[in-house]
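Observations on the three-dimensional arrangement
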Amino acid sequence: IARGGPPAADPVYPRLSMLNIALGGSFTSRLNQNLREDHGWTYGVRSRFNAQRGPSMFVVRAAIRADAISPALGETRKEVAKMAKDGVTDPEVEKLRALINGEALETYSTLHSATGTLASNAALGLAPDQDAKDLAAQRSATPADLGQLAAQYLDLSRATVVLVGPKEAAVKALEDNGLPKPIFVDGEGRPAK
């Protein structure tokens, strides 16, 4: 599933990244717990807001068992919609703060990782102190702040669903989930015959 997102320089981006950790950016995320742990449909599912200079994308991706495409798509959409509607809980925000603090320590624990992060930030047109600003924004985020972002950026009404796999299972998954009929393309994105 993919939909548009903000550029990495947008002031909301650090908190969106934080919000995403709870949804699909960590092993204990909602999506991974549901699709992997509760149902066993995938080895893992991830989501992310791609960091780019210009407009980015919010993406959810997973390799799903062919016999579970339809219910997995439904559960994925349900989890994203639930977060868009309800946001995150107080305990989730505390866990997120701990995770981002640990990530900051790891990022700046060695010269190699620090220079890699600074180079990535420079490639995105971000200032050398961007990580410090991002961490401050994330540490001060409240459940209400993250809930507002979830409502705005996790709305799947403008999303694109891409399914790769057995044609019959993919078509059925779209039908079962009340989604529009598919457009078939080849590996290069050209209309398929």
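As the structure is a prediction and not an experimental result, all values here were calculated from the model. Numbering of residues begins from 1 in every chain and follows the order in which that chain's sequence is written. Where local features are concerned, this predicted model is filtered to residues with pLDDT of at least 70; where side-chain atom pairs are given and counted, the filter is 80 or more; whole-chain, interface and lining totals use all residues. Where side-chain values are given, they derive from all heavy atoms of the structure, hydrogens and water being excluded.

1. Details of the packing of helix α1 (residues 13–23) against helix α7 (residues 143–153)
In this analysis an axis means a line fitted to C-alpha atoms, helices contributing only their contacting stretch, and an angle means the value between N-to-C directions, from 0 to 180 degrees. Strands are runs of DSSP state E lasting at least 2 residues, helices are runs of H or I lasting at least 4, and numbering of each runs from the N terminus. At a minimum axis distance of 10 Å, the contact between α1 and α7 shows a crossing angle of 90 degrees. Between α1 and α7, the angle is such that the two are roughly perpendicular. Residue-level inspection shows Arg15, Leu16, Met18 and Leu19 of α1 in contact with α7, the latter providing Asp145, Leu146, Leu149, Ala150 and Tyr153. Under this grouping Gly is polar, as are all residues other than the nonpolar Ala, Val, Leu, Ile, Met, Phe, Trp, Tyr, Cys and Pro and the charged Asp, Glu, Lys and Arg. Looking at the contact of α1 with α7 residue by residue, the class counts come to 7 nonpolar, no polar and 2 charged. Note on angle classes: values under 35 degrees are labelled roughly parallel, values over 145 roughly antiparallel, values of 65 to 115 roughly perpendicular, and the remainder oblique. Every residue pair with non-hydrogen atoms within 4.5 Å of one another is taken to be in contact.

2. Regarding helix α4 (residues 90–107)
A helix is expected to reach a length of 1.5 Å times the quantity of its residues less one. For α4, which comprises 18 residues, the first-to-last C-alpha distance of 26 Å matches the rise-based estimate of 26 Å (1.5 Å per residue) to within 8%. Within α4, the full set of buried residues consists of Glu92, Val93, Leu96, Arg97, Ile100 and Thr107. In a view along the axis of α4, the buried residues occupy a sector of 140 degrees, so they form one face of it. Those residues of α4 that are exposed and angled more than 90 degrees off the buried face are Pro91, Leu105 and Glu106. Tucked into the core, α4 has its buried residues touching α1, α2 (30–38), α5 (111–123), α6 (130–139) and α7. Accessible area is worked out with a 1.4 Å probe on protein chains only. A residue is then buried under 20% of its type maximum, exposed over 50%, and partly exposed in between. Summarising the geometry, the arc corresponds to the directions from the helix axis toward the C-beta atoms.

3. Observations concerning the layout of surface pockets
Taken as a whole, the largest pocket spans an internal volume of roughly 1100 Å³. Lining of the largest pocket is provided by 34 residues; of these, Tyr13, Ser17, Glu103, Thr107 and Gln138 occupy positions nearest its centre. Mapped by element, the contributors of at least two residues to the lining of the largest pocket are α1, β2 (42–49), β3 (56–64), α4, α5 and α6. Here the residues of the lining of the largest pocket are counted per class, giving 17 nonpolar, 11 polar and 6 charged. Only protein atoms enter the 1 Å grid, on which a cavity is a set of points fitting a 1.4 Å probe that cannot get out and a pocket is an open set with protein on both sides within 12 Å along at least 5 of 7 lines, lining residues being those with an atom within 4 Å of a point. Grid points are joined across faces, edges and corners, and a volume is the space filled by probe spheres set on the points. Of the volumes computed, that of the second largest pocket is approximately 680 Å³. Considering the residues around the second largest pocket, the lining is formed by 24 residues, among which Val161, Val162, Leu163, Pro182 and Ile183 are closest to the centre.

4. As for the environment of Ala127
Positionally, Ala127 belongs in the loop between α5 and α6. A residue is classified by how much of its surface remains accessible, and Ala127, at 30% relative accessible area, is partly exposed.

5. Re the sheet that holds β2
With antiparallel pairing, the 3 strands of this open sheet are ordered in space as β1-β3-β2. Both outer strands of the open sheet, β1 (2–5) and β2, are each paired with one neighbouring strand and no more. Adjacent strand axes in the sheet meet at a mean angle of 15 degrees, parallel and antiparallel pairs treated alike. At least two DSSP bridges between two strands are required for those strands to pair. Here β2 runs beside β3; their pairing, made up of 6 bridges, is antiparallel. Pairing of Phe49 across the sheet is with Phe58, part of β3. Contacts from α2 reach β2 and β3 within the one sheet, and its direction differs from that of β2 by about 160 degrees.

6. Observations regarding the pairing of β3
Pairing geometry for β1 and β3, over 4 bridges, is antiparallel. Following the sheet pairing, Gly5 is matched in β3 by Ser56. In this antiparallel pair of consecutive strands, β2 and β3, the connection spans 6 residues.

7. Remarks on the pattern of salt bridges
A side-chain nitrogen of Lys or Arg and a carboxyl oxygen of Asp or Glu constitute a salt bridge if their distance falls within 4 Å. Applying the stated criterion across every chain, the model contains 12 salt bridges. A salt bridge links Arg97 to Glu94, with the shortest nitrogen-to-oxygen separation between them at 2.7 Å. In this pair, Arg97 and Glu94 are both assigned in helix α4, 3 residues apart and thus about one turn of the helix distant. On the basis of relative accessible area, Glu94 is assigned to the partly exposed category, the value being 49%. One network of salt bridges, in which partners are shared, links Lys82, Lys85 and Asp86.

8. Some remarks on the nonpolar core
Grouping buried Ala, Val, Leu, Ile, Met, Phe, Trp, Tyr and Cys residues that are joined through side-chain atoms within 4.5 Å yields what is termed a nonpolar core. Leu19, Met83, Leu146 and Leu154 are the most contacted members of the largest nonpolar core, which has 36 residues in total. Every element with two or more residues in this core is listed here: α1, α2, β2, β3, α3 (69–86), α4, α7 and α8 (167–176). With 7 residues, α1 is the single largest residue contributor to this core.

Just geometry here; none of it tells us what the structure is for.
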